[in-house]
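An overview of the molecular structure
Residues per chain are reported as follows:
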Amino acid sequence: GKELGRDTIVAIITLYKEGYKCKDIATRVGIGVRQVQKWIKKFRDGGGEDIPTPKPRSGRPRKIQNRTSKVIKRQLDKNPTLTARKLKENNPALLQDVSVRCISDHLLKDLQYRSCCAKVLPLLSAKNVRDRIAFSKKYKDWTLEDWEQVLWSDESTFVVSSGCRSKRDIWDNIIPQHVEKLARCIPQRLEKVIKLIEENRLAN
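Treat the numbers as computed from the prediction; the structure is a model and nothing was measured. (Residues numbered from 1 in each chain as written. Predicted model: local features only at pLDDT ≥ 70, side-chain atom pairs only at ≥ 80, totals over all residues. Heavy atoms only, no water.)

1. Observations concerning the packing of aromatic side chains
- The tally for this structure, following the rule as stated, stands at 3 aromatic pairs.
- Ring geometry for F135 and Y139: centres 4.7 Å apart, planes at 55°, overall tilted. Of this pair, F135 and Y139 both sit in helix α8 (residues 126-139), 4 residues apart, which is roughly one turn of the helix.
- On the basis of relative accessible area, F135 is assigned to the partly exposed category, the value being 46%.
- Exposure remark for Y139: the relative accessible area of 17% places this residue in the buried category.
- Each ring, one from Y139 and one from W142, has its centre 4.8 Å from the other, and the planes form 75°; the classification is edge-to-face.
- Each member of the aromatic cluster is reached from another via a ring pair, and the members are F135, Y139 and W142.
- Between K42 and the ring centre of W39, over which it is positioned, the NZ or CZ distance is 4.2 Å. (Phe/Tyr/Trp six-rings, centres within 6.5 Å; stacked < 30°, edge-to-face > 60°. Helix = DSSP H or I, 4+ residues; strand = E, 2+ residues; numbered from the N terminus. Buried < 20%, exposed > 50% of the residue type's maximum accessible area, 1.4 Å probe, protein only. Lys NZ or Arg CZ within 6 Å of the ring centre and 35° of its normal.)

Now the structure itself:
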């Protein structure tokens, strides 16, 4: 069965010394009665003074030690797109004798990472394309007088009270020099938007 930790064994022996029965100890510690009986017997066989310690378990040692696991986790947190094969290539000193399959299993089972492929989404949806072309065609021929009638919005930060800052929308008429500059550059940009969208549409 699964070996108990040092703290659990200490708890078993402490409760036993206090006079609790095996069944009550098992309920309190959250393990089976047989496990409790096993460690109480070891405690008695050892003279009833020292807390028994679990013997080292046999079996193949772990290929990926805790230090290596922390390095892998740090790299994945920084770049979640790394594959098990890429991790092995990036860390030859740490993972030289570890197979790609073993690294993959460690990521899934020990580090609890989920293997998945990111969904490929278009930069612009069909609706985005239609809306942008319609907007560009609607305003590309506006004159300076048209833009002077626009009420421009912006967002500014205000100190409402001591220690409290708040962001609010403000509305104001932009100064004439800026309106003239916008009236010159906006149609050019809208023309570029239409041209780029149409070229991309033809390319796809």
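Additional details are given in the paragraphs that follow.
2. Quick notes on α8
- With 14 residues, α8 extends 20 Å from end C-alpha to end C-alpha; this agrees with the ideal 20 Å at 1.5 Å per step.
- Along α8, the positions that sit buried rather than exposed are V129, I133, S136 and Y139. One side of α8 holds all its buried residues, which, seen down the axis, span an arc of 155°. For α8, the exposed residues lying more than 90 degrees away from the buried face are K127, R130 and K138. (Expected span 1.5 Å × (residues − 1). Arc of directions from axis to C-beta.)

3. Quick notes on helix α1 (residues 6-17)
- Between its terminal C-alpha atoms α1 stretches 17 Å, which fits the 16 Å expected from 12 residues at 1.5 Å a residue.
- Restricting attention to buried positions, one finds in α1 the residues I9, I12, I13 and L15. On an axial view of α1, the arc spanned by its buried residues comes to 165°, and they lie on one face. Summarising the geometry of α1, the exposed residues directed more than 90 degrees from the buried face are D7 and K17.
- Next to the buried residues of α1 lie α2 (22-29) and α3 (33-45).
- Looking one or two places after α1, you find G19, whose phi comes out positive at around 95°. (Contact = heavy atoms within 4.5 Å.)

4. As for the pattern of salt bridges
- Tallied over the entire structure, the rule returns 6 salt bridges.
- For D77, the salt bridge goes to K73, with nearest N and O atoms at 3.2 Å. Of this pair, D77 and K73 both sit in helix α4 (residues 66-78), 4 residues apart, which is roughly one turn of the helix.
- The class of K73 is partly exposed, set by a relative accessible area of 37%. (Salt bridge = Lys/Arg side-chain N within 4 Å of Asp/Glu carboxyl O.)

5. Points about the environment of Q96
- Checked against the element boundaries, Q96 lands in the loop between α6 (92-95) and α7 (100-110).
- Apart from residues no more than four positions distant in its own chain, Q96 is found in contact with K88 and N91.

6. So, the packing of α1 against α3
- Where α1 meets α3, the axes come as close as 10 Å, and the angle between the chain directions of the two elements is 75°. It follows that α1 is roughly perpendicular to α3 by the angle criterion. Of the residues in α3, those touching α1 at I9, I12, I13, Y16 and K17 are V36, W39, I40, F43 and R44.
- Taken together, the residues that form the contact of α1 with α3 break down as 8 nonpolar, no polar and 2 charged. (Axes fitted to C-alpha atoms, helices over the stretch in contact; angles between N-to-C directions. Parallel < 35°, antiparallel > 145°, perpendicular 65-115°, else oblique. Nonpolar A, V, L, I, M, F, W, Y, C, P; charged D, E, K, R; others polar.)

7. Looking at the environment of S99
- Checked against the element boundaries, S99 lands in the loop between α6 and α7.
- Taking the relative accessible area as the measure of exposure, S99 reaches 41% and is therefore partly exposed.
- Sequence separation of S99 and K88 is 11 residues, and the distance between their C-alpha atoms is 8.1 Å.

8. Details of the layout of surface pockets
- Volume-wise, the largest pocket comes out at about 480 Å³.
- If you list the elements that add at least two residues to the lining of the largest pocket, you get α4 and α7.
- Residue contributions to the lining of the largest pocket peak at 3 residues, all from α7.
- Each residue belonging to the lining of the largest pocket can be placed in one class, and the counts come to 10 nonpolar, 4 polar and 2 charged. (1 Å grid on protein atoms, 1.4 Å probe; cavity = no way out; pocket = protein on both sides within 12 Å on 5 of 7 lines; lining within 4 Å. Points joined across faces, edges and corners; volume = space filled by probe spheres on them.)

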